[in-house]
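# Survey of secondary and tertiary structure
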Amino acid sequence: QVQLVQSGGGLVQPGGSLRLSCVVSTLKSSMNTVGWSRQAPGQQRDFVAFITSLGSTMYADSVKGRFTISTNNANNTLWLQMNSLKPEDTAVYYCWYRGTNGKEYWGQGTQVTVSS
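Description of the structure in this document. (Residues numbered from 1 in each chain as written. Predicted model: local features only at pLDDT ≥ 70, side-chain atom pairs only at ≥ 80, totals over all residues. Heavy atoms only, no water.)

## Brief notes about unusual backbone geometry
Of note in this structure, Asn-76 is not a glycine but carries a positive phi near 55 degrees. Mapped onto the elements, Asn-76 comes out in the loop between strand E7 (67–72) and strand E8 (77–82). The phi torsion at Ser-84 lies on the positive side, around 50 degrees, for a residue other than glycine. A residue is classified by how much of its surface remains accessible, and Ser-84, at 39% relative accessible area, is partly exposed. (Helix = DSSP H or I, 4+ residues; strand = E, 2+ residues; numbered from the N terminus. Buried < 20%, exposed > 50% of the residue type's maximum accessible area, 1.4 Å probe, protein only.)

## Some words on the pattern of salt bridges
On inspection of all chains with the given rule, the structure shows four salt bridges. With a shortest N-O distance of 3.0 Å, Lys-64 and Asp-61 are connected by a salt bridge. Taking the relative accessible area as the measure of exposure, Asp-61 reaches 65% and is therefore exposed. Taken together, the shared-partner salt bridges connect Arg-38, Arg-66 and Asp-89 into one network. (Salt bridge = Lys/Arg side-chain N within 4 Å of Asp/Glu carboxyl O.)

## A word on the state of the cysteines
Enumeration over the complete set of coordinates arrives at one disulfide. The residue that forms a disulfide with Cys-22 is Cys-95, at a sulfur-sulfur distance of 2.1 Å. In this structure, the disulfide formed by Cys-22 and Cys-95 twists by about 60 degrees around the S-S bond and is classed as right-handed. Highlighted residues: Cys-22 in strand E3 (residues 18–24) and Cys-95 in strand E9 (residues 91–99), separated in sequence by 73 residues. You'll find Cys-22 and Cys-95 in the same group, each marked buried. (Disulfide = S-S within 2.5 Å.)

See below:
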């Protein structure tokens, strides 16, 4: 069983920065893909970014150049550094893990609010 525990998030002014973290219990022990998605009120959950165990990354166009995804396998942590935040980035952010069998596991979600 893969466990994901998120932290970070909160309220930030437009143009500000936040960093989200997600401890993934099996991050360093297997081939996998981990990433972030977000869900705004009344909207579907959308892809934000992912990183593979080989270090390949992909970002949604809406966050490219502003968000950076990274991992620290030494402490099983996935990060999402968010810079130049906009009000439209307001959402609940979820980390996720996908193993080689395609099964997905999700974190509990954390609220990010961008507002003046």
